[in-house]
Amino acid sequence: MTDQVTGTLVLTVFTAVLGSFQFGYDIGVINAPQQVIISHYRQVLSVPLDDRKAINNHASQSTQELPTTPYPRNPTPTPWAEEEPMASSGIVTMFWSLSVSSFAVGGMVASFFGGWLGDQLGRIKAMLVANILSLAGALLMGFSKLGPSHILIISGRGISGLYCGLISGLVPMYIGEIAPTTFRGAIGALHQLAIVTGILVSQIIGLDFILGNHELWHILLALSAVPAVLQSLLLFFCPESPRYLYIKLDEEDKAKKSLKRLRGGADVTKDIAEMRKEREESSSEQKISIIQLFTNSSYRQPILVALMLHMAQQFSGINGIFYYSTSIFETAEVSQPVYATIGVGAINTVFTAVSVFLVEKAGRRSLFLIGMSGMFICAIFMSVGLVLLNKLTWMSYVSMIAIFLFVSFFEIGPGPIPWFMVAEFFSQGPRPAALAIAAFTNWTCNFIVALCFPYIADFCGPYVFFLFAGVLFVFTLFTFFKVPETKGKSFEEIAAEFQKKSGSAQAPKAAMEMKFLGETAER
């Protein structure tokens, strides 16, 4: 029988990616009210008015545009180009930096526990528990005007980061397990689409005349509680993952009931038979830890490829593109650079939606290669535009076009694909550990880029994107030679591809150890 989209499946996927939407909202929401919050910190900390200029100078050099990528894009202030005239202004800057970076630190810590929590409580209950963190963080930020705002915002951002770290593993795992074979890639890409949609929404409602002003900025920060409450209510109507019920809990009747709800009452005998085979295979294997992913020869190649995909996503220079975008728009004499930046966010969302439809047509590996190659070319044009900006004014438009195309290529492949390809590489046993280490790698690389990019940009100047072009070229070559195509392939076939690309003679053993991955991921 052909896979079909049922009402229950639509409701369940929508409910799950509400968590991804919160993820995106939390990434972008801190950017718009940046100078407003810094001004409030100054008042709360009783910084002398003489320091206003020093603080505002620093704020104006910080990343004012909003990130438009899937994984956490946290702005980091530019290098300490000039000494702060008084220690008090440095304190304000320090608290602002902590307000930004505490989110990434929380995500790094929690990313290790998403898969573990999903196994211990089940996918539905794990998302409910995670929402407690989301609500706690939103409340702290919402009441930040009534107390020591810097402490409340830093704490709230850190707790929100913990929530997003859990969600970055839980959501791809859950929707990957409930998705029918035919729609596996498209549904997997919805996680990324929800993230960029959340970022875009935070950009829009963060405008000064909506909520990004002195009176309402705390409400802007607290609004992430709305999707958290909505998701918590809707989760009670969503079926638990049938693979979790059958393979982890050995509850066949409940698994059948869950499958029938998701498949619209269609015959699920084949699904149950496949899960039974997988459970028999996994029961004969020892429990897979994160360390074993690297020490077991059957898993080493897939986990290294999975981590390289996430590193490619983060080290591609996407943060740098948005770091420069506002200044480039200003150079091009755009009267309202913030709207141009929102336009970039809108393009980001549109092309993520396009990737949802392309991923099942063109294949994962092909789209990733196209995206990386396109970004490589755009990075070169971006660099040339920046280098010649002072000599040829029209080069600013070359840089602007390069920004839009860079974002478009990113969302066609490198943006969404790494998240669900990890789930396709691994069976039920090692999948939670693989997703945890992949999410941790993504958060860590994001944090490194956010921390180091301003200093690299200060050192390299307009040549900085030549550096990213080199990185993109290396990752493109790696993808071409080492990453297998997973579209429409069984786990046995994927395992054979890995062994073929690694030149190992252990293909039969690997295929047996990792059998039924395709069927697992396809459900």
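Cut-offs and rules
Residues numbered from 1 in each chain as written. Predicted model: local features only at pLDDT ≥ 70, side-chain atom pairs only at ≥ 80, totals over all residues. Heavy atoms only, no water. Helix = DSSP H or I, 4+ residues; strand = E, 2+ residues; numbered from the N terminus. Expected span 1.5 Å × (residues − 1). Buried < 20%, exposed > 50% of the residue type's maximum accessible area, 1.4 Å probe, protein only. Arc of directions from axis to C-beta. Axes fitted to C-alpha atoms, helices over the stretch in contact; angles between N-to-C directions. Parallel < 35°, antiparallel > 145°, perpendicular 65-115°, else oblique. Left-handed = near helix turned anticlockwise from the far one by under 90°. Contact = heavy atoms within 4.5 Å. Nonpolar A, V, L, I, M, F, W, Y, C, P; charged D, E, K, R; others polar. Phe/Tyr/Trp six-rings, centres within 6.5 Å; stacked < 30°, edge-to-face > 60°. pLDDT = per-residue confidence, 0-100. Salt bridge = Lys/Arg side-chain N within 4 Å of Asp/Glu carboxyl O.

Participant: I'm lost on helix 22 (residues 464-482) in this one. Help?
Facilitator: Quick reminder: α-helices carry 3.6 residues per turn. Residues three or four places apart thus point the same way. With 19 residues, helix 22 extends 27 Å between its outermost C-alpha atoms, agreeing within 8% with the 27 Å of an ideal straight helix rising 1.5 Å per residue. Looking at helix 22, one finds that the buried residues are V464, F465, F468, A469, L472, F475, T476 and T479. Take helix 22 and look down its axis: the buried residues cluster within an arc of 130 degrees, on one side only. More than 90 degrees from the buried face of helix 22, the exposed residues found are V474 and F481.

Participant: Any chance you could explain the environment of L249 here in plain terms?
Facilitator: Among the structural elements, L249 can be located in the loop between helix 11 (242-248) and helix 12 (252-263). Judged by relative accessible area, which is 38%, L249 ranks as partly exposed. Separated by 130 residues in sequence, L249 and D119 place their C-alpha atoms 9.7 Å apart.

Participant: Any chance you could explain the packing of helix 15 (residues 297-314) against helix 21 (residues 431-460) here in plain terms?
Facilitator: Two quantities define a packed helix pair, namely the angle between the helix axes and the distance between the axes. In contact at an axis separation of 9 Å, helix 15 and helix 21 are set at 30 degrees when each is read in the N-to-C sense. In terms of orientation, helix 15 lies roughly parallel with respect to helix 21. The hand of the helix 15/helix 21 crossing is right-handed. Contacts from I303, L307, H310, M311, Q313 and Q314 of helix 15 reach helix 21 at A434, I437, A438, T441, N442, C445, N446 and V449. Grouping the constituent residues of the contact of helix 15 with helix 21 by class yields eight nonpolar, six polar and no charged.

Participant: Help me out: how do you make sense of the packing of aromatic side chains in this one?
Facilitator: Note on aromatic pairs: each is described by the distance of the centres and the angle between the planes. If you walk through the whole model with that rule in mind, you get seven aromatic pairs. Their ring planes at 90 degrees and their centres at 5.0 Å tell us that F480 and F481 sit as a pair that is edge-to-face. Its relative accessible area of 46% is what places F480 among the partly exposed residues. Overall, the relative accessible area of 53% leaves F481 in the exposed class. Aromatic rings pair up to connect F23, F103 and W443 into one cluster.

Participant: So what exactly am I meant to see when it comes to the confidence of the model for the chain here?
Facilitator: Should pLDDT be low for a region, the predicted coordinates there are not to be read in detail. For the chain, the mean per-residue pLDDT works out to 81, and 84% of the residues sit at or above 70. The spread of mean pLDDT over the elements of the chain runs between helix 25 (residues 517-522), the lowest at 40, and helix 10 (residues 225-234), the highest at 97. Ignoring residues within four places in sequence, the model shows residues 49-87, a span with pLDDT below 50, making 140 contacts including any to other chains. Segment residues 505-523: pLDDT under 50, and 67 contacts once partners within four positions in sequence are set aside and those in other chains are kept.

Participant: Mind showing me how you'd approach the pattern of salt bridges here?
Facilitator: A side chain with one charge can pair with a side chain of the opposite charge if their charged atoms come near. Applying the stated criterion across every chain yields a total of eight salt bridges. The salt bridge partner of E252 is K256, with a shortest N-O separation of 3.5 Å. With E252 and K256 both in helix 12, this residue pair falls four residues apart, about one helical turn. A relative accessible area of 25% places E252 in the partly exposed class.

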